[in-house]
Amino acid sequence: MTLHLLNKSHSDAQLLNRMLSSVKDNDCILVIEDGVYIALTANASLFTDLPKNSQLFALEPDVSARGITDKLNPRFTLATDEQFVELSCKMNKVVSWF
């Protein structure tokens, strides 16, 4: 089980595609900083090929700071800073896509 952290917006398509293609069963994606823009409903099609048991999270303080809470893809769950730490500890590995 891997936690994939993404802090870039979808403007870096190559990085995003590499990350998405590396997601396996039971992995999680957590988008942070400008990466939260990838969690917008308009980008929902990017996540259709992920394993169904993968989980998607967006860091709540970053989503709030950008004023996009009401525009998130429903597949994403808002995560607090505390949940970010819990996910990092729970997963076998953390991979940062920066």
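Relevant structure appears above.
Owing to the predicted nature of the structure, the values given are computational and were not obtained by experimental measurement.

Q: If you had to explain the overall build of the chain to someone new, which residues and values would you point to?
A: Counting secondary structure elements, the chain contains three helices and five strands. Each helix and strand of the chain, ordered N terminal to C terminal, gives the series β-α-β-β-α-β-α-β. Its C-alpha atoms give the chain a radius of gyration of 12 Å, within 12% of the compact-globule value 13 Å for 98 residues. Counting only C-alpha atoms and orienting by the principal axes, one finds that the chain spans roughly 30 × 30 × 25 Å. Buried positions account for 42% of the 98 residues belonging to the chain.

Q: Lay out the nonpolar core in plain terms, naming residues and giving numbers.
A: Of all hydrophobic cores here, the largest spans 21 residues; its most connected members are Leu-6, Ile-29 and Val-31. Contributions of two or more residues to this core are made by α1 (13-22), β2 (28-31) and β3 (55-59). Excluding its chain neighbours within four sequence positions, the residues that come into contact with Leu-6 are Leu-15, Leu-16, Met-19, Leu-30, Val-31, Ile-32, Gly-35, Ile-38 and Trp-97. The next biggest cluster of nonpolar side chains, apart from the first, holds 10 residues, and it includes Leu-30, Ile-32, Phe-57 and Leu-87.

Q: Talk me through the sheet that holds strand β5 (residues 93-97); I want residue IDs and the actual numbers.
A: One open sheet accounts for five strands, arranged β4-β3-β2-β1-β5; its pairing is parallel. Each of the sheet's edge strands pairs with one partner strand only, and the pair in question is β4 (76-79) and β5. Across this sheet, the average inter-strand angle for adjacent strands is 25 degrees, counted without regard to direction. Taken together, the four bridges between β2 and β3 define a ladder with parallel strand orientation. For Leu-30, the partnering residue across the bridge sits in β3 and is Phe-57. Strand contacts of α1: β1 (2-6), β2 and β5, with the helix running at about 165 degrees to β1, the strand carrying the most contacts.

Q: Can you explain the pairing of β4? Please cite residues and give values.
A: In this structure, β3 lies alongside β4, joined through four bridges in parallel fashion. Paired with Leu-59 across the bridge in β4 is Ala-79. Taken together, β3, helix α2 (residues 60-65) and β4 constitute a β-α-β crossover, and its handedness is right-handed.

Cut-off values and rules
Residues numbered from 1 in each chain as written. Predicted model: local features only at pLDDT ≥ 70, side-chain atom pairs only at ≥ 80, totals over all residues. Heavy atoms only, no water. Helix = DSSP H or I, 4+ residues; strand = E, 2+ residues; numbered from the N terminus. Rg over C-alpha atoms; globule rule 2.2 N^0.38 Å. Buried < 20%, exposed > 50% of the residue type's maximum accessible area, 1.4 Å probe, protein only. Core = buried A, V, L, I, M, F, W, Y, C linked by side-chain atoms within 4.5 Å. Contact = heavy atoms within 4.5 Å. Pairing = 2+ DSSP bridges. Axes fitted to C-alpha atoms, helices over the stretch in contact; angles between N-to-C directions. Right-handed = clockwise from strand over helix to strand, strands pointing away.

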